[in-house]
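# Architecture at a glance
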Amino acid sequence: MSDDTNDDKRFLFPDPDVALVPAPSRVSASLPGGGTGHVIDADTEIDAAEGTERVAQWLRATVGAATGFPLRPHRRNVNRVLLRIVPSLAGELGSPEAYRLCADGSLIAIDGASETGLFWGAQTFRQLLGPEAFRRAPVARRQQWEFPAVTIHDAPRFRWRGLLLDVARHFMPKEDVLRYLDLMAAHKLNVFHFHLTDDQGWRIEIKRYPKLTETASWRARSKFGHRASPRWEEKPHGGYYTQDDIREIVAYAAERHIAVVPEIDVPGHSQAAIAAYPELGNTDVIDTTALTVWDNWGISANVLAPTDTTLRFYEGVFEEVLELFPADAVQSSPFSSFVHVGGDECRKEQWTESVTAKTRIADLGLTDEDALQSWFIGHFDAWLSARGRRLIGWDEILEGGLAEGAAVSSWRGYGGGIAAARAGHDVVMCPEQYVYLDHRQAPGEDEPVPIGFVRTLEDVYRFEPVPDGLTEAEARQVLGTQANVWTEVLEDTARVDYQTFPRLAAFAEVAWSRLPAPAERDFAGFERRMAAHYGRLDALGVAYRPPAGPRPWQRRPGVLGRPLEGPPPNK
Ligand code: ACM
């Protein structure tokens, strides 16, 4: 009974220690006895010091809309939210993304070590106002919104806190991508890995190669379920982002201090591109003019030919990509300069058969096809480096020798990341055993199109991005971590929401908060905070998986998945 009362109170007026997600480093009461630190109302003003105008604008657009209050620029009212940049906080809290939020009864001050830190502070501010602050218009005639008397010091554990969306297998409309950027910002995630090309679709307009969008951006039909499923969705599927769509996405992300890392996957996962431009394929092995954009899932054998034609073609693609994703898009982020070239799962059968590929191996004095792939990736590493950019690829790029400045997305477990870190390369840890959010999140028949291992909310919460056994210097090569959302069995945004949430909230806490070792993490405490956080997700319209299981319309009865049993192998 008394517990219920407490919970209700928390929900309306959340105890920040209980309800913030991700958890901040330090929270304390700023008034003896705690209680209300401040009241936001129609007279509340925003006192935006120099360099904070964009954050003030974001607050007006979000909290202003939710409350219906104008949040005017500060003139004379004592009731104000003060925004400042305080560079010394970076040293004090150990990160340029640090912030301090203090509500002590006379004002609410949010100080950021940088504009980025301030923006994360503004996210915390919105969370502290309660779930209604996440709506786009007021739902009650509230004259006042109470704000708790708290002081928060906070800074992220990792610099790279990423989310990959696979918009190639199933296209995600631009509006939904923008929404995902808002959802990332609400969870203090700061790198959007945009998987733009694959066997089943090419999603980015490249002006010099119009067939990439005319032909490669759609397929005639799609496999419904895992590739072993007998079912087909017998209708065309497709879509692409125009260059202006991309510019809008990059700018929208930048306003939210999110770097967008585009992925153009080479030399495997390229059947859609070959279907549009058959000369890119291994023409001495198969009739590439007969290829279509792939309508099934799996790893296509149709890979790029290791020819000068291919290299020149993709240099042309990357020239446009670099223009669309400028290195300084997010001023404070080093990650805007990264370009992902894939490099994963490149089947080598065609290269083994191809006289052209064999000749290339001989001419270059290479040992085998793995070394040929390494040469291919190395070419783009040098090409990108010469243009002031950084190459990142999946951990297969380690095979046959890692290109000099390359960074690695470690997906097949920790092993690739460990090897790369030991060799002095930067690493993003995203092992499929833990943070592939397309994998099912519960056992049971009701889970829609179940694939992979059972990875519960708790499993994600206990994921540790830095593996044991790295020295301190090696561990510093771990830039951070990323959750990956592959969409073979996620046919629309509601399915993406279901797989991504609530687990992305747990992932965000792993990426941001300084959690103890996995076994010591307070999952029960996290779940209590999630009670409030579900309210925020509801207000944001996120179709998450409810703790009790899928709603009827979230199920996909009879659609074949590929569940894997037991705990995932620890690689
Ligand atoms: C991957 O999952 N093939 C990176």
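A brief structural summary. (Residues numbered from 1 in each chain as written. Predicted model: local features only at pLDDT ≥ 70, side-chain atom pairs only at ≥ 80, totals over all residues. Heavy atoms only, no water.)

### Describing the pattern of salt bridges
- Per the counting criterion, the structure on display carries 39 salt bridges.
- Across the salt bridge formed by Glu-132 and Arg-142, the nearest N and O atoms sit 2.8 Å from each other. Here Glu-132 is found in the loop between helix H5 (115–128) and strand S8 (144–148), whereas its partner Arg-142 is found in the loop between H5 and S8, with 10 residues between them in sequence.
- In this structure Arg-142 comes out as partly exposed when scored by relative accessible area, which is 28%.
- Put simply, Arg-169 and Asp-166 hold a salt bridge, and the shortest N to O gap is 3.0 Å.
- Under the relative-accessibility criterion, Arg-169 is labelled buried at 4%.
- On the accessibility criterion, Asp-166 (2% relative accessible area) is buried.
- Connected via shared salt-bridge partners are Asp-166, Arg-169, Asp-198 and Glu-488. (Salt bridge = Lys/Arg side-chain N within 4 Å of Asp/Glu carboxyl O. Helix = DSSP H or I, 4+ residues; strand = E, 2+ residues; numbered from the N terminus. Buried < 20%, exposed > 50% of the residue type's maximum accessible area, 1.4 Å probe, protein only.)

### A look at the sheet that holds strand S6 (residues 99–103)
- The seven strands are arranged S1-S9-S6-S7-S5-S3-S4 in an open sheet whose pairing can be described as mixed. Sheet topology places strand S1 (26–29) and strand S4 (72–73) at the edges, where each strand pairs with a single neighbour.
- Bridging between strand S3 (residues 45–48) and strand S5 (residues 80–85) involves four bridges; their strand directions are parallel. The residue of S5 that forms the bridge with Ala-48 is Leu-83.
- Helix-sheet contacts for helix H3 (residues 53–67) involve S3, S4 and S5, and the interaxial angle to S3 is about 165°. (Pairing = 2+ DSSP bridges. Contact = heavy atoms within 4.5 Å. Axes fitted to C-alpha atoms, helices over the stretch in contact; angles between N-to-C directions.)

### What to know about the sheet that holds strand S10 (residues 160–166)
- Ordered in space as S10-S11-S18-S19-S20-S21-S22-S24, the eight strands form a closed barrel in which the pairing is parallel. In this sheet, adjacent strand axes meet at a mean angle of 25° when their direction is disregarded.
- In this sheet, strand S22 (residues 427–429) lies alongside strand S21 (residues 407–410) in parallel orientation, the contact comprising three bridges. Note that in S22 the partner of Val-408 across the bridge is Val-427.
- Packed onto the sheet, helix H10 (residues 308–324) meets strand S18 (259–266) and strand S19 (338–342) and runs at close to 170° relative to S18.

### Some details on the pairing of strand S11 (residues 191–195)
- Counted residue by residue, S11 has five buried out of five residues, so it is predominantly covered.
- Residues Val-191, His-193 and His-195 line one face of S11 and the alternating positions Phe-192 and Phe-194 line the opposite face, and both faces are buried.
- Summarising the sheet, S10 and S11 pair through five bridges and their orientation is parallel. Looking at the pairing, Leu-165 lines up with Phe-194 of S11.
- Looking at chain direction, S11 and S18 are connected through five bridges and run parallel. By the bridge assignment for S18, Phe-192 is matched with Val-260.

### Description of the layout of surface pockets
- Quantified by volume, the largest pocket comes out at close to 760 Å³.
- Along the wall of the largest pocket there are 29 residues; nearest its centre are Glu-345, Glu-432, His-439, Glu-488 and Arg-562.
- For the lining of the largest pocket, the secondary structure elements donating two or more residues are helix H15 (432–435) and strand S23 (451–452).
- Split by residue class, the lining of the largest pocket holds 11 nonpolar, seven polar and 11 charged. (1 Å grid on protein atoms, 1.4 Å probe; cavity = no way out; pocket = protein on both sides within 12 Å on 5 of 7 lines; lining within 4 Å. Points joined across faces, edges and corners; volume = space filled by probe spheres on them. Nonpolar A, V, L, I, M, F, W, Y, C, P; charged D, E, K, R; others polar.)

### Description of the side chain of Glu-45
- Counting through the fold element by element, Glu-45 comes out in strand S3.
- Although Glu-45 is buried, it forms no salt bridge, and the closest oppositely charged side chain is Arg-76 at an N-O distance of 5.3 Å.
- Among the polar contacts made by the side chain of Glu-45, one reaches the side chain of His-74 at a distance of 2.9 Å.
- With residues up to four places along the chain from it excluded, the contact list for Glu-45 reads Arg-72, Pro-73, His-74, Arg-75, Arg-76, Asn-77, Asn-79, Arg-80 and Val-81. (Lys, Arg positive; Asp, Glu negative; His and termini not counted. Polar contact = N/O pair within 3.5 Å; in protein donor to acceptor, adjacent residues only side chain to side chain.)

### Section: unusual backbone geometry
- For the peptide bond that leads from Val-21 to Pro-22, omega is 0°, which places it in the cis range.
- In this structure, Pro-22 sits in the loop between helix H2 (16–19) and S1.
- Put simply, Val-266 and Pro-267 share a cis peptide bond, and its omega is -10°.
- Mapped onto the secondary structure, Pro-267 falls in the loop between S18 and helix H9 (271–276).
- A positive phi angle is found at Lys-188, which is not glycine, with a value near 60°.
- Its place among the elements puts Lys-188 in the loop between helix H6 (174–186) and S11.
- Lys-188 sits in the buried class, given a relative accessible area of 1%.
- We note that His-269 has phi near 50°; this positive angle belongs to a residue other than glycine.
- Position of His-269 relative to the elements: it lies in the loop between S18 and H9.
- Taking relative accessible area as the criterion, His-269 reaches 2% and is therefore assigned buried.

### A closer look at the packing of helix H12 (residues 355–364) against helix H13 (residues 369–385)
- Orientation of H12 relative to H13, taken along the N-to-C sense of each, is 75°, at an axis distance of 10 Å. By the criterion of interaxial angle, the relationship of H12 to H13 is roughly perpendicular. In this structure, H12 contributes Ala-357, Arg-360, Ile-361 and Leu-364 to the contact, and H13 contributes Glu-369, Leu-372 and Trp-375.
- Across the contact of H12 with H13, the residue classes tally to five nonpolar, no polar and two charged. (Parallel < 35°, antiparallel > 145°, perpendicular 65-115°, else oblique.)

### Some points on empty space enclosed by the protein
- Counting across every chain of the model gives four cavities of 30 Å³ or more.
- Of the pockets and cavities examined, the largest cavity occupies roughly 70 Å³.
- What lines the largest cavity is simply Leu-165, Asp-166, Val-167, His-170, Phe-171, Met-172, Thr-487, Leu-490, Glu-491, Asp-492, Thr-493 and Val-496.
- Surrounding the second largest cavity, Ile-40, Thr-44, Ile-46, Leu-59, Val-63, Leu-71, Val-81 and Phe-125 form its lining.

### Quick notes on the packing of aromatic side chains
- Counting across every chain of the model gives 30 aromatic pairs.
- Relative to Phe-380, the ring of Phe-318 has its centre 5.3 Å away and its plane inclined at 55°; by these criteria the two rings are tilted. Placement of Phe-318 in helix H10 and of Phe-380 in helix H13 is noted, with a sequence separation of 62 residues between them.
- The exposure class of Phe-318 is buried, given its relative accessible area of 0%.
- By relative accessible area, which is 1% here, Phe-380 ends up buried.
- With centroids separated by 4.5 Å and ring planes inclined at 20°, the aromatic side chains of Tyr-461 and Phe-526 adopt a geometry described as stacked. Of this pair, Tyr-461 sits in helix H16 (residues 457–461) while Phe-526 sits in helix H20 (residues 523–540); the two residues are 65 residues apart in sequence, bridging distant segments of the chain.
- For Phe-526, a relative accessible area of 0% corresponds to the buried category.
- What links up through ring pairs into an aromatic cluster is the set Trp-202, Tyr-209, Tyr-277, Phe-313 and Tyr-314.
- Residue placement shows Arg-221 over the ring face of Trp-232; its charged tip is 3.4 Å from the ring centre. (Phe/Tyr/Trp six-rings, centres within 6.5 Å; stacked < 30°, edge-to-face > 60°. Lys NZ or Arg CZ within 6 Å of the ring centre and 35° of its normal.)

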